[in-house]
Structures are given as structure tokens and as C-alpha cells.
Amino acid sequence: MNYTVHRGTKTPIVFLHGWGGDASNFLPCAQHLQKCGHTTICIDLWGFGDSPLPPEHYGIFDYAQDVANLLDKIGYLEYYIVGHSFGGRIAILLCGDKSLAKNFVIGKVVLVDSAGIKPRRGVKYRCKVALYKLKKKWGWDISKDGSSDYQALPISFRPVFVRVVNTHLNQYVPNIQASTLLVWGGKDRDTPLWMAKYLQKKIKDSGLVVFEDAGHWSFVHKPLAFALILQNFFESVDTEKCHA
């Protein structure tokens, strides 16, 4: 995977972007934290930015394992993690699956409009899925079915996307021991606010910041506020101090 490291004297911060994004999404925040003395590590996950497509069999666990291997290679003993949406899935696994982070610890984690929680599906969605299955069974054309994210992908990348979005990580959430900050858009429709409240309830040491007027890319809508909140969180002694 393509990545950049800007070395400082404080705990390294790893940025994991969302689906369809790349390492540059977090650049304003990373630059601010660099000025504060932090090492920053910005990664282009497989299939995005300057990183090549992954094999068709890949899923979220493969992504998480590869990020863990990369962090082992970089060689720090402790990291802070920031994960947006798809990157939040990886962050949840890195913190909640003890088999991944064997040679380093994750001291703090920020989940930004994170995906990974099993969504609540209504009747409209269930009917849509049922229709898709019938069309597929009857041999009808389904080439134009699927979300805009799905349609925008190369054909070989689509199975990876389907595998990722259909893998739910609820069981790993209660295992997260790292101090956790949840940053969410109050108008997020992709990962609604109830998911943030679920995470806050399940993660013992966690707090929630809501940008009421922001959507799924809340950190882009409020870049300065986001950078200052992260600085406060990462440099505070404990989570309570950050939320004061």
C-alpha cells in the first residue's frame, strides 16, 4: 500500500480514509497535527489513491491484516488511529481483534462517521433485495443494479465492495479497550447518528462529538474544528478532559 510518514516527536497518528477517498482526505488535519509535533502516517488503502486494486477475494479482514502488517513494518510500539467510514471498519478490527495488533498497542482511536455496524433495514430495502434476487434468478439484466459506489467500481473490485459492506463488526466493538472518540455528522444518512450512540454505549471509554449540520463527511465540513478536537483528544491525559 502507498503511504507517507511525516516524523515528529509525539505519538504517531494513522489516518484511514473512507471508501472512494484516499490519504489526501485527511491532509489538513494531518498537517495541523504535524505542527503540534506528532508523527503522521497517511495510507492509501488498496484500490484507492496510488495503491493498486486488491485481489478479488479480499474483504475487510484482509485490509485490516495488511494495515497491521504495515504498522509492524513502520515499527512504532504505540499508535493512535483515525478512521473514517470504511477506514473506521479497519480501526474497529485493529482495536477489537487481539490477533491483529500483536507488536504494537493502540492508545487512542477516533471513529469518524464509522461504518461496520449492522444497519437497520426497512421494508423498502427488503423489497429491493428480493426483487434483485428474482431478477438474477430469472436471468434478467442486473448490470445497472446496485448503489452508485458499486456502479463506479471496476468489475474486479465489486466483489470486494460487496464483501466489505456485508460484513458486520458488532461483535468486535465491546472488545475495544483504547480511549475512543466518536465524531459524527448529525445529518449523516450513510451511517446514521444512532450508530454513533450504539458505539458509545458498547465502548467503555468513549465520548461523542456531533457536528449537527454536517453529513457523512463531517470532518471535511468542519476541518478546523475537527483538527482542534483531535489535538485536544490526543494530547489530553484522559477522555474526560477532552470532553470538558
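The structure presented is a predicted model; accordingly, all values stated were derived computationally and were not measured.

Student: I would appreciate a short explanation of the packing of aromatic side chains in the present structure.
Tutor: Working definition: an aromatic ring pair is given by the centre-to-centre distance plus the angle between the planes. For the coordinates displayed, the defined rule picks out 18 aromatic pairs. Taken together, a centroid distance of 5.2 Å and an interplanar angle of 55 degrees make the contact between Trp-19 and Phe-161 tilted. Placement of Trp-19 in the loop between strand E2 (10-16) and helix H1 (27-35) and of Phe-161 in helix H6 (residues 158-165) is noted, with a sequence separation of 142 residues between them. Taking the centre distance of 4.9 Å and the plane angle of 15 degrees together, the rings of Tyr-80 and Phe-234 count as stacked. Residue Tyr-80 is found in strand E4 (residues 78-84), and its partner Phe-234 is found in helix H9 (residues 223-235); the two are separated by 154 residues along the sequence. On the basis of relative accessibility, which here comes to 9%, the residue Tyr-80 falls in the buried class. Residue class for Phe-234 comes out buried when judged on its relative accessible area of 4%. Counting every residue linked through ring pairs, the aromatic cluster contains Trp-19, Phe-48, Tyr-58, Tyr-63, Phe-86, Phe-157 and Phe-161. Between the NZ or CZ atom of Lys-108 and the centre of the ring of Phe-233, over which it lies, the distance is 5.0 Å.

Student: Any chance you could explain the side chain of Asp-44 here in plain terms?
Tutor: Within the secondary structure, Asp-44 sits in strand E3 (residues 38-44). No salt bridge is formed by the buried Asp-44; the nearest opposite charge belongs to Lys-73, separated by 14 Å. Polar side-chain contacts of Asp-44 include one of 2.9 Å to the backbone nitrogen of Ala-23. Within the structure, the side chain of Asp-44 is placed 3.1 Å from the backbone nitrogen of Asp-50, a separation counted as a polar contact. For Asp-44, the contacting residues outside a window of four places in its chain are Met-1, Asn-2, His-17, Asp-22, Ala-23, Gly-49, Asp-50 and Ser-51.

Calculation criteria
- Residues numbered from 1 in each chain as written.
- Predicted model: local features only at pLDDT ≥ 70, side-chain atom pairs only at ≥ 80, totals over all residues.
- Heavy atoms only, no water.
- Phe/Tyr/Trp six-rings, centres within 6.5 Å; stacked < 30°, edge-to-face > 60°.
- Helix = DSSP H or I, 4+ residues; strand = E, 2+ residues; numbered from the N terminus.
- Buried < 20%, exposed > 50% of the residue type's maximum accessible area, 1.4 Å probe, protein only.
- Lys NZ or Arg CZ within 6 Å of the ring centre and 35° of its normal.
- Lys, Arg positive; Asp, Glu negative; His and termini not counted.
- Salt bridge = Lys/Arg side-chain N within 4 Å of Asp/Glu carboxyl O.
- Polar contact = N/O pair within 3.5 Å; in protein donor to acceptor, adjacent residues only side chain to side chain.
- Contact = heavy atoms within 4.5 Å.

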